[in-house]
Every structure is written in C-alpha cells, then in structure tokens.
Amino acid sequence: MDPLAFAVLSNYLACLSKDLTSAAVQGAITAINKSQGSKSLDIEHEFDNLRKELRSMQCLLRDEEQRKQDSESQANWVEEVKEAAQDVEDVMDLIVYLGHGQEWDKSWNSQASAYIGTRLTKVKEEFENIKQRRDRYLPPLLVRREEQSCHGGYQVWQPHEEMPDETMGTDVVGMEQNEATVIAWLLGETDNAPRNMVISICGMGGLGKTCLARRVYNDQHVRRHFDCFAWVSISKTYNAEDLLRSIIRQITGKATPDELDRNSSAALLGLLKQCLHHKRVIVTTRDHHVAASLCIDSHILDLQPLPESEAWSLFCKKAFWIDPNKSCPKDLEDWARKIVAKCEGLPLAVLTLGCLLSSKDRSPLTWKRFYNGIGSELSNNEMLVTMSRILMLSYDDLPNHLKQCYLHCGSLFPESHVVKKNWLLKLWVAEGLVEDVHGMTAEEVAEGYFDELILRTMLQVARKDESGKVKACRMHILMREVTLCVSKADRLCAVLDEQGAKLDDVKARRLSVQIGIEKAPAVPPKNKKEEAPLSRLRSLLFFVDDQASAASFLTMSPNLMLLKVLELRNVPIDHVPGEVFDLFNLRYLSLRDTNVEVLPKYVKRLKMLETLDLRGTKVICLPHEVAMLKELRHLLMDRVYVLKKVKKGRGIINLVSDQATMKKIDDLLNQKAPRIKTDTISWIRDMRGLLTLQTVEADERLIAEIAALVRLRRLGLTNVHEEDGIQLCDSINKMSQLLSLTIDAASDEALMLDSLPSPPPHLRKLVLDGQLWIVPPWFNLLSSLTHLYLLDSQLEPTHNPIPHLEKLDSLVHLTLRRAYNGKQLRFRANMFLRLKSLNIAELKCLSQLDMEKDALPSLSLLHLSRCGNLQGEGLRGNDNLPALRHLYMQDMPTSLMSSLEGDHRLKASTGWESISKSMSWL
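The name given to the protein in an unreviewed UniProt entry is NB-ARC domain-containing protein, and the organism recorded there is Ensete ventricosum. As recorded by UniProt, the Sequence similarities (unreviewed entry) comment attached to the protein reads in full: "Belongs to the disease resistance NB-LRR family."

Put into structure tokens, the structure is as follows:
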C-alpha cells in the first residue's frame, strides 16, 4: 500500500471534518430546516455523526500507516474510504448550494430536504458496508503479516555501517568546485576554522549530496589528516542508541563491548566525546531547517543544479558510453537535448535517463516517443520508478498538512510555470487546504506552508524581493511529473495538455486546461445511470488564451455546481458568462487580464466568494450588490493610475521601443481607476472579513467607512483629496494589521497625512503618490518598512527626506521619483545598512549625489534616470559601494556618463527598467 495514499487521505478527512462544522454549512442547514418546518430532517445531527465517523477513520488510517503493512485488501479499503469521504464532501457542498439557492428559487423548498435525506442515507449505508468489509477481511490478513514480522519477515531499521563504495560517483561531472570547498572547510584551510565543525550539504533530492559526501569521505588527501572515520545513513525513524554504537564501533575499530549494549544514551555520548577531540561532521539533508540548526558557523553548502553544458556532458557519458568519443549522433541531438532539458540539471535524473536510453534503439522516432511518454515511464519503468522514489523522499517526510498543498502545486500548473506566492496562497485557502490556527488568518498560515516547502527544497525559488522574501516559485519538471502521477492515481486532478487527457473521469476534483478546445477531447454525454461528467469538480483553471475553451466548459454549469475555484485569467472574454453566477459554491473567481467591462449585479449570488480578482480588466465601477458578499476576503482591482502618473508630462513613448508593450500600456492608460458605487459605500463597513482592498477611487464617505475594516492587510486608494487627509489618517490609525498601503492624491493636490499619530506597526510597503508639504513626522516610526516609494512628493530643499529615512533599519528598497527639489542628496556613513535597491528619477534640481564611505553597505542596484543637472563629477562615492553590482543610467547627462566610462557595473538601460523598478510593488 503506497504510504502517500494514507497521508493524503488522512489529511483530507481532517479538512473535511472541520468543514462540516463551518459557519457556511451550519447557515445552509438552518435555512433548509426553516423552510421545511416540522417535516425537516435533522441534518445537523446526521452531520455530527458523519464528523465522528470521519475522525474515527482518520485515526484508523494513521494506525494502519504505522503498521507498514502492504496488501491489495488494504489498498482497496483505503480507496473505499476515500470515495465515501468524497461523497460526504459532495453532500456538504450540496447543502450549501441548496440552502442558498432557496433565496431565489422557492421551488427548491419542497425538494431540498428529501434530496439531501436520500444522499445522506446512501452515505451512511456505504460507511457501514466499508466497516463490515474491513472487519470481515482485513484483521485475519494483518494478524498473519504480524506473525511473519515477528519471525523475521519484518525488520527494524539499523544504521548502515558499511564503508561507502570508493568507485561510486567517479563519472559525475560538475562537482569539482563543491568538493574543493568542502575539503577546504574540513581541513581548516579557511580563516578562523573552529576546532569542531559541522558541515551541511543541502539541496533537493537527486542533486548529488550523498555522492559529494562520499567523494570527500574517500579522498586520500582528506583521510591522511584524520585518525578515524565513521559513515552512517539515517532513516526517518531511527534508534539513537544504535546509531551511537555504530559510530563508536567504526571510530575505535573494535566490535562493541557487551556492556556497551546496556549503556544509556548519556553514557554512549560520554564515550564518544572521549574518543573525539577535533571533530569534523558532514551532514547531507534536503531540509534547510536541519542545515541551519546544525551549522551555527555557516558552513552550509547549498547545492545547485548542473549547468546545461555539464548536464549534457554527463548525459552523453551515460547514454553513449559504448562510443569511443561518447558523443551524441546528429539525428538524435534534438530529442536528446529536450530530454536533458527535462532534467533541469538534476544529476540523478541525467544519469538515470542516460543509462536507460543507452539500451534503446537509436532512432529519432523511439527517442521522441520516450520524451513524450516520460510521465507514464516514471510510474511504469522499473529504473525510473526507483528514481521517482528517491525524488519523493522529501515528500514522504512532509507533515500531512503540507502534502496536499504540494500535490496541488504539481497537479495544476503547466510545466516550468512560475507561480506567484500570493496567487498560490489564495488558491490553497479557497480549496480548504489550510488548517485553522488561532490568532492567524488562513493566508498567514498558508504563507507558513509556502515558506516550509521552500526551506525543504520542495519548491524552487523563481523570484525574491530585496528583503529576501520569496515572491514566486516553480516546481522541478521531473518532480512535477512524479506528483502528477500521484494526483492522477488518487483522482485529485485531470490535466488537458499536449500529452492528451480524458474527461470521462467524473470523479476528478481539479481540472487544469492547458490546450485549446480544438485539441481537447469531447466531454462525454451524461448517462442516466452514472454521474454527470466532471460533477465532482472543485477547481477549474485555464492556462490557455482561448475563449472557446472557457465557453465550452461553462456551458456545463449544472455539472459544475460544486466548483470552488474558477481561474479565467488571460482568457479573452469581454463579459462574464452568465453560467458563472450559478456556481453558488464558488470561493475564488479570477477575471484577471480579461476584456471584461462590467461586473453584473448577479455577483450577489456567489455567497461563498472569498477572492474576486478584477485586475487587468476594464471594470471601472462595482455594482452595489458586491457588498452582499459577506465572505469576501480579497477584492483586487487595477492600479493603472501609476502608469498614468508616469506618462503625465514625461513622454513615456520615448522610453519604450517595443510596439506591443507600448500598445498594452496605451490600453491601460485609457482606463479609469475602479470606483465603488455610492450606494455600496455604506455597506463596506459590514465586510469586516476583508483583508485586501486594492485599488479603489476614494471619496469622503468611503474613507470614513473603511475605518471599520480593522482586519485589512492591504489597502490601495486613488484620487484622494486634500480635505480627506484628517479622516484618512483617522481610518488608517485603526488598521493595526496593515502590511501594505498605497495612497494616490487627486490631480494637482497634496497628500495631507501629518495628523496620523503613528503608522501601522507592521507596515512593510508604503507608496505615496502626490505632493507632500513636509516629510510626515511619523516616518521615523516605520520600523518594519521594507519598501518605500515617494512619487511626485515635490519636497522643498528645506525638507530633505534622507535624514528622516536613513535610520529605518528594515528598509531594503527606496524609490524617489520627482520627490525632492533640493540640489544635494547625501548618504551618510553607517546609514541605510540594509538598503539593496535605490531608484532616483526625475529630480530636476539634483546636482550632487554623495555616498560617504561605509554608507549603503548592502546596496546592489542603483538606478538613476532623468536627473538633468547631475553633471560630470556630480556623482561622488560610488566607489564606496562594496556590494554594488548593477548601475543603471537612463537619459542622464553625457558628462556624467563619460565620468563613469569603464565602470564594469554600468548597465545599458532602455528606460523600461526604470518604470518596472519604480513599480515593482504592483
């Protein structure tokens, strides 16, 4: 029995048990019972029994997992439990669907209770049948297996004591530099080498951690510097005393004395300390937590994938080992390079695929078929199955609550797709994959999950911000293939891609559409005796620019009534299909980057909606019905006004030469910032669960009403008038949880923010776009601020912002665009200690920019744009910036450019970098 099935199902049952008691379910039960009167079914009591049944099954599953037994009967029983649990989820969502549906369809009153009663009866019967079948067939089998284990059939893990094979790893390429680094640490060939040292070799499975450690361990030069050696392999579960005895046996060169077998762990540790004086320990781990906890002196080697050239060399050594020159035939090179690209520099994958292909027919057609079928080969080919198991060791070690999230990443997104963190977190929350933690929002808990997967090297970092926080991730191609196999086997997902897919699996919970409708298989017609196609679907995501695909699926809305997630971003629709508003169970709706112009009033039907993403659309006005979405947590709209500000009086045409980019910008600039209808504003205060409100056009009433949204984490307002300043400060003062704040002044008006007593204590991003008469006095209290953007501030020379900002210990990014009218900016020594990115643009009066010695010690990027008076030697101290790697200049005086000639850090700039950097918070 695959242990993954136990873990996935156990976590699923836990989430389902929690959902049975949710406010939404309880509210729907109340609505149905109220409509039925005395004839009502006691659904609440029935659900309470189901919840207890699920908890019991969850405990039993964990017991079965601990047994480590394997049988077809057991696997079949787990499959039955999974199907019954999914039936419970379906009934639960149906209750919510029917309960809310009665508000506009009274005919359901006479049907809902009877229909639900029938479904509940079937579920109860199925649970009872499952229990009886388990009691009938499983216990005798498990007893026999336990008897076998007592007679040697099942052995407890013991630490491996054998010496590592000296011949292993000799064909590996690209390890020379890493090997030299570890040996230098081991032998104390670096400054201030400690007497005792732990070296951690860290990285995802298959990167060659053990191989590198083995090469160092067997290196004869290394061995001459040590008196004794020990090599042990530790599994997920181990006996500490046996491990210590194994090490003592190896370093003493003697068999363990009999009396040692009776010693405690403390006695064994004492003996080990007597034997070792100058210790050098190498640990290989996939978990950065482990590496960091062991290596207090920072001897951590974070292994990276092989470069493309070295991966190709290694592949050819294995795939064409029989050839004298070990080179790839020309007719195979195209497919061979595609196969190597799939490995993404993972040595284990390169070696395994190379060895496998060395025995295959050398014809382009054979290699093409192999490339197209790698996904199925991973679960069917014996050699690749072994590799898959190694790759999935990290998955096995994950706690249950992370396994579902990881499978979600691998099953939904296309190959090599870069996924923004905030997008992923909202999807996890919408699907119910996040546990409740007292005092934290679901998104904060989900962010902890995300960080944990990054630290465990399960997800790869695609992009970080200047503070080091991961903003986007991706999954290794082969890890995605392996997790996709697991997800498909458990019917967690179906994928429509170039490899083909079937839509006749009515029990799939998620569907990812990655090809156009013309290539997709037809949806099978509904059979009266069977479930409707896709009727159990909870998530539908489109990753294809195809309007017809979306229209085709949404016409099946009666089948999709339990859908929770609908991702339509980039689908070129110009209106929201009416079928969307029949999806009463919907938690997440994204219309991002579509051509939608109007959000219909029928949005009020989506009672369960938590996330509404309208960014990149042409929607400029929200209907008042949006205020009826009491569960809404994230209301995301456009921030195109920033581009308007950039264009206004600045000639953006001269900055961008790419016509497609220019057209996209012009389309955005023709839009208006979204606003909320006047009769909606009074309802805003009732949306107390709102965490994100970005970005809306403000007026006096709205600014007053948002004071009630004390849970807000992100707020963006545009068209703020001077007379609104006092009320705005009063509202912000009540938002103690705010993390990001964007305020854009009305045209030619100032931002009046002086009356704010103190900023939100956890504020990390602050964007102020508009004139400031003075630097707000609360700036020096921004202790948590990491990103600051001052746009169009027009501060006078007597109000230099730098002295107010230089002591902000957390600041890593600073943008000053038309922010200051003085002639000089001076960055003093030992200030801005963490600042990594500085963007100075359009300071028309600036003629001198000084960086003192020891100022800006962490600055890696400096971007100067359109400061026409910064001539010749006006830039001083740029040689005092030890961390500077990129120096961008755009539309700067020729004399200044000449003075910097020869500086290797100087980068060409088209101007678009200046715009994108100044708006990196978008």
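We are not done yet, so read on.
Draft legend 1. Fine view of the overall build of the protein. A count of helices and strands for the protein gives 31 helices and 28 strands. Relative to its 922 residues, the protein shows a buried fraction of 53%. Counting contacts in the protein only where the partners sit at least 6 residues apart, residues at least 24 apart contribute 65% of the total.

Draft legend 2. Region of interest: the packing of aromatic side chains. Here the structure, examined in full by the defined rule, presents 14 aromatic pairs. Geometrically, the ring pair formed by F413 and F543 is edge-to-face, given 5.7 Å between the ring centres and 70 degrees between the ring planes. Placement of the pair is F413 in the loop between α19 (400-412) and β4 (419-420) and F543 in the loop between β9 (539-542) and α23 (547-554), with a sequence separation of 130 residues. Taken together, the aromatic side chains of W312, F315, F320 and W367 make up a single cluster linked through ring pairs. The aromatic ring of F229 is capped on one face by R223, whose charged end is 4.0 Å from the ring centroid.

Draft legend 3. Expanded view of helix α9 (residues 240-252). Here α9 is 13 residues long and its end C-alpha atoms lie 18 Å apart, about the 18 Å a rise of 1.5 Å per residue gives. Every buried residue of α9 is listed here: L243, L244, R245, S246, I247, I248, Q250 and I251. On its buried face, α9 is in contact with α7 (209-218) and α10 (265-275).

Draft legend 4. Looking closely at the sheet that holds strand β1 (residues 197-202). Spatially, β2-β1-β3 is the arrangement adopted by the three strands of the open sheet, whose pairing is parallel. Looking at strand neighbours, the two that pair on one side only are β2 (280-285) and β3 (300-302), the edges of this open sheet. The mean angle between the axes of side-by-side strands here comes to 15 degrees, regardless of whether they run parallel or antiparallel. With six bridges joining them, β1 and β2 adopt parallel strand pairing. Among the inter-strand pairings, S200 is bridged to a residue of β2, identified as V283. Strands in contact with helix α6 (residues 176-186) are β1, β2 and β3; relative to β1, the strand with the most contacts, it is inclined by about 165 degrees.

Draft legend 5. Representation of the sheet that holds strand β5 (residues 460-464) within the structure. Strand order across the open sheet formed by three strands is β4-β6-β5, with antiparallel pairing between neighbours. Edge positions in the open sheet fall to β4 and β5, since each of these has one partner strand only. Sheet analysis places β5 next to strand β6 (residues 470-474), joined by four bridges and oriented antiparallel. Pairing of V461 across the sheet is with C473, part of β6.

Draft legend 6. Spotlight on the pairing of strand β8 (residues 510-513). Where burial is concerned, the two faces of β8 agree: the one with R510 and S512 and the one with L511 and V513 are both buried. Examined bridge by bridge, strand β7 (residues 494-496) and β8 share three bridges and lie parallel to one another. Bridge pairing in β8 places A494 opposite L511. Here four bridges tie β8 to β9, and the two strands are oriented parallel to one another. Its bridge partner being in β9, L511 is matched across the sheet by L540.

Draft legend 7. Structural detail: unusual backbone geometry. The amide bond that connects Q694 to the next residue, T695, takes the cis arrangement and shows omega of -20 degrees. Relative to the assigned elements, T695 resides in strand β16 (residues 692-697). Within the chain, S416 stands out as a residue other than glycine whose phi angle is a positive 65 degrees. Residue position: S416 is located in the loop between α19 and β4. One non-glycine residue with positive phi stands out, namely R866, at about 55 degrees. Topologically, R866 is positioned in the loop between β25 (861-865) and β26 (875-876).

Draft legend 8. Geometry of the packing of helix α14 (residues 347-357) against helix α17 (residues 382-391). One way to put it is that α14 packs onto α17 with a least axis distance of 10 Å and a crossing angle of 175 degrees. The angle between α14 and α17 places the two elements in the roughly antiparallel class. For the pair formed by α14 and α17, the contact residues are L348, A349, T352, L353, C355 and L356 on the first element and M383, L384, M387, I390 and L391 on the second. Among the residues making up the contact of α14 with α17, the classes are represented as 10 nonpolar, one polar and no charged.

Draft legend 9. Structural view of the pattern of salt bridges. All told, the structure shown has 26 salt bridges when counted by the stated rule. Note that E842 and R817 form a salt bridge whose closest N and O atoms lie 2.7 Å from each other. Linking E842 in the loop between β23 (837-841) and β24 (848-851) with R817 in strand β21 (residues 813-817), this pair joins segments that are 25 residues apart in sequence. The exposure class of E842 is buried, given its relative accessible area of 7%. Its relative accessible area of 6% is what places R817 among the buried residues. Each of D287, E452 and R456 takes part in a single network of salt bridges with overlapping partners.

Draft legend 10. Focus on the side chain of K209. Following the sequence through the fold, K209 ends up in helix α7. At 9.1 Å, D302 is the nearest oppositely charged side chain to K209, a buried residue that forms no salt bridge. Other than its neighbours up to four places away in sequence, K209 contacts I201, C202, G203, M204, T284, T285, R286 and L303.

Draft legend 11. Main features of the environment of I726. Structurally, I726 can be placed in helix α28 (residues 725-733). The exposure class assigned to I726 is exposed, which follows from its relative accessible area of 65%. Sequence separation between I726 and D754 is 28 residues; the distance between their C-alpha atoms is 8.3 Å. Among all residues touching I726, those that are not within four sequence positions of it are M752 and S755.

Draft legend 12. Molecular detail of the side chain of E567. Mapped onto the elements, E567 comes out in strand β10 (residues 565-567). Note on E567: relative accessible area 0%, which makes it buried. The residues touching E567, leaving out its near neighbours within four places in the chain, are W423, L540, L541, F542, Y588 and S590.

Draft legend 13. Focus on the confidence of the model for the protein. Considering every residue of the protein, the mean pLDDT works out to 78; 74% of them sit at 70 or more. Across the protein, the secondary-structure element scoring lowest on mean pLDDT is helix α24 (residues 641-647), at 36, and the one scoring highest is strand β11 (residues 588-590), at 96. When the criterion is pLDDT under 50, residues 143-170 qualifies, and its contacts beyond four places in sequence or with other chains add up to 40 contacts. Segment residues 910-922 is flagged for pLDDT under 50; beyond a separation of four residues in sequence, or across chains, it makes 41 contacts in the model.

Draft legend 14. Representation of the environment of R480 within the structure. Along the chain, the position of R480 falls in helix α22 (residues 477-489). Along the chain, R480 and C409 lie 71 residues apart, while their C-alpha atoms are 8.1 Å from each other. When near neighbours in sequence (up to four residues on either side) are disregarded, R480 contacts G410, F413, P414, E415, M475 and Q514.

Draft legend 15. Geometry of the packing of helix α12 (residues 308-319) against α14. For the pair α12 and α14, the least separation of the axes is 7 Å and the interaxial angle reads 30 degrees. The pairing of α12 with α14 is recorded here as roughly parallel in orientation. Crossing geometry of α12 relative to α14 is assigned as right-handed. Residues A311, L314, F315, K318 and A319 of α12 form the contact with α14, whose own contacting residues are P347, V350, L351, L353, G354, C355 and L357. Here the residues of the contact of α12 with α14 sort into 10 nonpolar, one polar and one charged.

Draft legend 16. Highlighting the state of the cysteines. Considering all chains together, one arrives at zero disulfides under this definition. The structure places no disulfide on C328, whose sulfur is separated from the nearest cysteine sulfur, that of C316, by 5.5 Å. On the accessibility criterion, C328 (12% relative accessible area) is buried.

Draft legend 17. View of α19. Here α19 is 13 residues long and its end C-alpha atoms lie 19 Å apart, about the 18 Å a rise of 1.5 Å per residue gives. Judged by how many residues are buried, α19 sits mostly within the fold: 11 of 13 residues are covered. Residues L402, K403, Q404, C405, Y406, L407, H408, C409, G410, S411 and L412 constitute the buried set of α19.

What counts, and where the lines are drawn
Residues numbered from 1 in each chain as written. Predicted model: local features only at pLDDT ≥ 70, side-chain atom pairs only at ≥ 80, totals over all residues. Heavy atoms only, no water. UniProt positions renumbered as here; feature names shortened; annotations may be inferred. Helix = DSSP H or I, 4+ residues; strand = E, 2+ residues; numbered from the N terminus. Buried < 20%, exposed > 50% of the residue type's maximum accessible area, 1.4 Å probe, protein only. Contact = heavy atoms within 4.5 Å. Phe/Tyr/Trp six-rings, centres within 6.5 Å; stacked < 30°, edge-to-face > 60°. Lys NZ or Arg CZ within 6 Å of the ring centre and 35° of its normal. Expected span 1.5 Å × (residues − 1). Pairing = 2+ DSSP bridges. Axes fitted to C-alpha atoms, helices over the stretch in contact; angles between N-to-C directions. Parallel < 35°, antiparallel > 145°, perpendicular 65-115°, else oblique. Nonpolar A, V, L, I, M, F, W, Y, C, P; charged D, E, K, R; others polar. Salt bridge = Lys/Arg side-chain N within 4 Å of Asp/Glu carboxyl O. Lys, Arg positive; Asp, Glu negative; His and termini not counted. pLDDT = per-residue confidence, 0-100. Left-handed = near helix turned anticlockwise from the far one by under 90°. Disulfide = S-S within 2.5 Å.

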